[in-house]
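As a plain string of letters, each chain reads:
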Amino acid sequence: MSDDVLSWVRIDGTSTVPPFEQLRVQILDAANEGRLAVGTRLPPVRALAARLGLAVNTVARAYRELEQAEVVTTRSRAGTVIAAAGDNGRRRVAEAAAVFADSVRANGLDPQEAMTYVETALRLR
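Residues numbered from 1 in each chain as written. Predicted model: local features only at pLDDT ≥ 70, side-chain atom pairs only at ≥ 80, totals over all residues. Heavy atoms only, no water.

An unreviewed UniProt entry annotates the protein as GntR family transcriptional regulator originating from Arthrobacter citreus.

1. Let's talk about helix H2 (residues 45–52)
Among the residues making up H2, those that are buried are Leu48, Ala49 and Leu52. Down the axis, H2 shows its buried residues gathered within 100° of arc, on one side only. Projecting away from the buried face of H2 at angles above 90 degrees are the exposed residues Arg46 and Ala50. Among the residues trailing H2, Gly53 stands out with phi positive, at a value near 75°. (Buried < 20%, exposed > 50% of the residue type's maximum accessible area, 1.4 Å probe, protein only. Helix = DSSP H or I, 4+ residues; strand = E, 2+ residues; numbered from the N terminus. Arc of directions from axis to C-beta.)

2. Some remarks on the packing of helix H1 (residues 19–33) against helix H3 (residues 56–68)
Contact pair H1 / H3: the axes reach a minimum separation of 8 Å and the direction vectors enclose 45°. One element, H1, and the other, H3, form an angle in the oblique class. The way H1 lies across H3 gives a crossing that is right-handed. Contacts between H1 and H3 pair Pro19, Phe20, Glu21, Leu23, Arg24, Ile27 and Leu28 from the former with Thr58, Val59, Arg61, Ala62, Tyr63, Glu65 and Leu66 from the latter. For the contact of H1 with H3, the residue count by class is nine nonpolar, one polar and four charged. (Axes fitted to C-alpha atoms, helices over the stretch in contact; angles between N-to-C directions. Parallel < 35°, antiparallel > 145°, perpendicular 65-115°, else oblique. Left-handed = near helix turned anticlockwise from the far one by under 90°. Contact = heavy atoms within 4.5 Å. Nonpolar A, V, L, I, M, F, W, Y, C, P; charged D, E, K, R; others polar.)

Below, the structure is given as structure tokens:
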């Protein structure tokens, strides 16, 4: 693993966006844009946390959420590597949206009311 992997990551301590989310989004964007190719090994959690001045659990949460979205995969000795360009997660969201839209129509909900449910759910998570 090169020392410059993720050297461009910056965490804004004054932002209202939590640090784990800032890190997650920056890695996801880099994977989507091809700046992090499939197979690129990410720094170990402890090393990245120390470099960024973050708690280990903060970096671990970002990696965990990226793994749940199938953007990275963690292999015991190989560490955490880029597994996909984020397309799998976007595809699953699009599929879930289609199922939600079908449910909205089947239950006769107004689209604005349906969007209120989505916005509420996004705020609560």
